[in-house]
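# Observations on chain architecture
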Amino acid sequence: MIRITQLKLPIQHTQDDLKNKAARLLKIPADRIQGYDIIRQSLDARKKPALFFVYTIDVKTEAETKVLQKAHDKNITSTKSCSYHFPQTVPADKCRPVIAGSGPAGMFCAWMLAKHGIRPIVIERGEPVEQRMKSVAHFWQTGMLNEQSNVQFGEGGAGTFSDGKLNTSVKDPKGRNREVLKMFVEAGAPAEILYQQKPHLGTDLLVDIVKNIRIQIECLGGEFRFGTQLTDLDIRSGQLHAIELNHEEWMPAGHLVCAIGHSARDTFTMLHEKGIRMSAKSFAAGIRIEHPQEMINMSQYGQREVPLLGAAAYKLTHQLSGGRGIYTFCMCPGGYVVNASSELNRLAVNGMSYHDRDSGNANSAVIVTVNPEDFWTCLSPGAPRELAGLAFQRHLEEHAFQIAGGAVPVQLFEDFEAMRESRSYGEILPNIKGRHSLCNVRACLPGFMADALVEGIHAFGKKIPGFDRADCLLSAVESRTSSPVRIHRDDRLMSNISGIFPCGEGAGYAGGITSAAIDGLKTAEAVAAALNL
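A quick note: this is a predicted structure, and the numbers were derived from the prediction, not measured. (Residues numbered from 1 in each chain as written. Predicted model: local features only at pLDDT ≥ 70, side-chain atom pairs only at ≥ 80, totals over all residues. Heavy atoms only, no water.)

### Brief notes about unusual backbone geometry
- With an omega of 15°, the peptide bond running from Lys48 to Pro49 counts as cis.
- Relative to the helices and strands, Pro49 resides in the loop between strand 2 (33-47) and strand 3 (50-61).
- Positive phi is not limited to glycine here, since Ser237 has a value of about 50°.
- Examined against the element boundaries, Ser237 turns out to sit in the loop between strand 8 (230-236) and strand 9 (239-245).
- One non-glycine residue, Leu493, lies in positive phi territory at about 65°.
- In this structure, Leu493 sits in the loop between strand 23 (485-487) and strand 24 (500-502). (Helix = DSSP H or I, 4+ residues; strand = E, 2+ residues; numbered from the N terminus.)

Structure below.
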């Protein structure tokens, strides 16, 4: 195959335009191109409002060596396809591993094991995704929270109620990244995610995809047990022997994948009490910010609307004067702020988009880095320092719940900066799933975090005009950006207890849907290797 990089065309181009441009670069007639695969598509908006796609493509043609010699271009090279290979073959009579959690890490681990004849048992404290959607909608409508099945817990994990972004900074030389995207397509995702620079699915598509993955696993001999929480471990001489389910049933288990997600605080506590080594981890917290989507489109595209591209996204970072970092996270074009709480009398927010991204508002987390030194002060006497991040998150969420009586607290930026309660909206109206109320958001945040947000939002206003406009909306509190702990694992991806495999975002080894799924594949390989011993 011949790889062409930096192939640029206006965004309105046709497939023939792409093929003809490739032929011109290769200095051959277009009919000599036998086929091509798009490897990557990115947007070049440096000369907006003129917008271009930039491609990397692999072309198949005759006499490739002669074509390469004739083209003589640094952006044209020879390439070989490199596909993912699962390295282990496990006898079918081996014992069945248990996977705790059915978020991206757990599901992709289970699916890969099932594809290779290892029939996993997946336990999930929440509901199947179809019922989970109803429970979440009921919570947003009534405020009645199901602590076991909500935006954080249930089939698909927290990522189901998000923008469904599949881009990641993880560089995996073994091809796991592309394998994850191919598996998503196999489960019903659009094929375009294989090459788009910033692929996304949306909550509405994710629901069917998650269900399809479950069906695939079950067809291959896997098993799902919903409404089933991991509540205790039977450990003897440093080896896992059995697990307790729902405080009432014991199941023999020699291999357990802990893909519990970043919000399973009661499970973190149990694992710590059972001697699983872990440590407090830095994370970030802050608020959600809403702007008109047209304003973001104008900044990114130079146009208010570009149907071919859809709603524009952004990613911003800034180094604060005090040395901390502040950045935007989980940006949701044309999306909604959602009440993402999972514990009674505590409130957390997140962002979500549907596939069409057409709500009219853009929202993103604006978050400040926090370190163990910041949250050890939240610990009660005698509490383990390893779990201090959980205490800090709960402290923030309790204040957020109290300040607006359980509704999502909202404040205009000009009032946040002036430290006064908001009384009315400006030109921007909130797009929020769940009850919400104007109040003084700043009052529920630590002083260092509030000051950092003011400085950071003004800094971002220099990059995106209007980002710091007086009437943009701030909602609190964004506290579930990543896991506040890291569960230690060795080169075999095993914890200090033999047979337990910490996995995914909750264990501290991922930061989004794709990276969690990649870690799920890595863990599946490790489980298969352990079974082979």
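After that view of the structure, there is still more to cover.
### A word on empty space enclosed by the protein
- A full pass over the atoms with the stated rule returns three cavities of 30 Å³ or more.
- Counted as a void, the largest cavity has a volume near 90 Å³.
- Lining the largest cavity are Gly103, Pro104, Met107, Phe108, Gly156, Gly159, Thr160, Phe184, Leu206, Val210, Ile213 and Ile513.
- Mapped by element, the contributors of at least two residues to the lining of the largest cavity are helix 3 (104-115) and helix 6 (203-219).
- In terms of residue class, the lining of the largest cavity is made up of eight nonpolar, four polar and no charged. (1 Å grid on protein atoms, 1.4 Å probe; cavity = no way out; pocket = protein on both sides within 12 Å on 5 of 7 lines; lining within 4 Å. Points joined across faces, edges and corners; volume = space filled by probe spheres on them. Nonpolar A, V, L, I, M, F, W, Y, C, P; charged D, E, K, R; others polar.)

### Some details on the packing of aromatic side chains
- This structure, assessed with the given rule, holds eleven aromatic pairs.
- With a centroid separation of 6.1 Å and an interplanar angle of 65°, the aromatic rings of Phe53 and Tyr55 are classed as edge-to-face.
- Ring-pair connections join several aromatic residues into one group, and the members of that group are Phe108, Trp111 and Phe184.
- Its guanidinium or amino end placed over the ring of Phe52, Lys8 lies 5.4 Å from that ring's centre, counting from NZ or CZ.
- Cation over ring: Arg442 sits above Phe416, and NZ or CZ is 5.5 Å from the ring centre. (Phe/Tyr/Trp six-rings, centres within 6.5 Å; stacked < 30°, edge-to-face > 60°. Lys NZ or Arg CZ within 6 Å of the ring centre and 35° of its normal.)

### Focus: the pattern of salt bridges
- With the rule as written, the count across this model stands at 32 salt bridges.
- Measuring nitrogen to oxygen at the nearest pair gives 3.6 Å for the salt bridge that ties Glu294 to Arg304. Here Glu294, found in helix 8 (residues 293-301), pairs with Arg304, found in the loop between helix 8 and strand 14 (317-319); they are ten residues apart in sequence, far enough to count as distant.
- Under the relative-accessibility criterion, Glu294 is labelled partly exposed at 43%.
- Residue Arg304 is classed as exposed on the basis of its relative accessible area of 53%.
- The partner of Asp490 in a salt bridge is Arg492, with the nearest N and O atoms 2.9 Å apart.
- What makes Asp490 partly exposed here is its relative accessible area of 29%. (Salt bridge = Lys/Arg side-chain N within 4 Å of Asp/Glu carboxyl O. Buried < 20%, exposed > 50% of the residue type's maximum accessible area, 1.4 Å probe, protein only.)

### Structural notes on the nonpolar core
- Of all hydrophobic cores here, the largest spans 77 residues; its most connected members are Ile287, Ile289, Val366, Leu445, Met449, Leu453 and Phe467.
- Considering each element in turn, this core owes the most residues, seven residues, to helix 12 (residues 447-461).
- With 50 residues, the next largest nonpolar core counts Ile118, Ile209, Ala517 and Ala528 among its residues. (Core = buried A, V, L, I, M, F, W, Y, C linked by side-chain atoms within 4.5 Å.)

### Some details on the sheet that holds strand 9
- Ordered by their spatial adjacency, three strands build an open sheet running 8-9-10, and the pairing between neighbours is antiparallel. Among the strands making up the open sheet, the edge pair consists of strand 8 and strand 10 (249-252). Across the sheet, the mean angle from the axis of one strand to that of its neighbour is 30°, orientation sign disregarded. (Pairing = 2+ DSSP bridges. Axes fitted to C-alpha atoms, helices over the stretch in contact; angles between N-to-C directions.)

### Considering helix 13 (residues 513-532)
- Taking 1.5 Å per residue as the helical rise, helix 13 with its 20 residues ought to reach 28 Å, and the 29 Å between its terminal C-alpha atoms agrees with that figure.
- The element helix 13 is largely enclosed, with a buried count of 17 among its 20 residues. (Expected span 1.5 Å × (residues − 1).)

### Details of the packing of helix 5 (residues 176-186) against helix 13
- Two elements in contact, helix 5 and helix 13, have axes separated by 9 Å at closest approach and are oriented at 105°. Here helix 5 lies roughly perpendicular to helix 13, going by the angle between them. Residue-level inspection shows Arg176, Asn177, Glu179, Val180, Met183 and Phe184 of helix 5 in contact with helix 13, the latter providing Ile513, Thr514, Ala517, Ile518, Leu521, Lys522 and Glu525.
- Considering only residue class, the contact of helix 5 with helix 13 consists of seven nonpolar, two polar and four charged. (Parallel < 35°, antiparallel > 145°, perpendicular 65-115°, else oblique. Contact = heavy atoms within 4.5 Å.)

### Observations concerning helix 5
- Listed as buried for helix 5 are Arg176, Asn177, Glu179, Val180, Leu181, Met183 and Phe184.
- Packed against the buried residues of helix 5 are helix 3, helix 6 and helix 13.
- Phi turns positive one or two residues past the end of helix 5, at Gly188, with a value near 115°.

### A closer look at the sheet that holds strand 20 (residues 432-433)
- Taken together, the three strands give an open sheet; going across it, the order is 17-16-20, and neighbouring strands pair in mixed fashion. The strands lining the two open edges of the sheet, one partner per strand, are strand 17 (349-352) and strand 20.
- Across four bridges, strand 16 (residues 336-339) lies against strand 17 in antiparallel orientation. Note on strand 17: the bridge partner recorded for Asn339 is Val349.

### What about the UniProt feature "domain: FAD-dependent protein C-terminal" (unreviewed entry) in the protein chain?
- According to UniProt, the "domain: FAD-dependent protein C-terminal" (unreviewed entry) feature falls on residues 282-481.
- What you have in residues 282-481 is 25% helix and 28% strand, and the ends, taken at the C-alpha atoms, are 11 Å apart. (UniProt positions renumbered as here; feature names shortened; annotations may be inferred.)

### Some words on the side chain of Gln152
- Turning to its location among the elements, Gln152 is positioned in the loop between helix 4 (129-142) and helix 5.
- Within the structure, Gln152 has its side chain in polar contact with the side chain of Ser263 (distance 3.3 Å).
- Once residues within four sequence positions are removed from consideration, Gln152 is found in contact with Arg132, Gly157, Ala158, His262, Ser263, Ala340, Ser342 and Arg480. (Polar contact = N/O pair within 3.5 Å; in protein donor to acceptor, adjacent residues only side chain to side chain.)

### Quick notes on the pairing of strand 19 (residues 408-412)
- Buried residues dominate strand 19, accounting for five of its five residues.
- A two-sided burial pattern is seen for strand 19, the buried positions comprising Val408, Val410 and Leu412 on one face and Pro409 and Gln411 on the other.
- Sheet analysis places strand 19 next to strand 21 (residues 436-438), joined by three bridges and oriented parallel. Residue pairing for strand 21: Val408 is matched across the bridge by His436.
- Bridging between strand 19 and strand 22 (residues 473-478) involves three bridges; their strand directions are antiparallel. By the bridge assignment for strand 22, Leu412 is matched with Leu473.

### As for the packing of helix 3 against helix 5
- Viewed as axis vectors pointing N to C, helix 3 and helix 5 meet at an angle of 85°, and their least axial separation amounts to 12 Å. If you check the angle between helix 3 and helix 5, you find them roughly perpendicular. For the pair helix 3 and helix 5, the contacting residues are Phe108, Trp111, Met112 and Lys115 in the first and Glu179, Val180, Met183, Phe184 and Glu186 in the second.
- Class assignment of the residues belonging to the contact of helix 3 with helix 5 gives a composition of six nonpolar, no polar and three charged.

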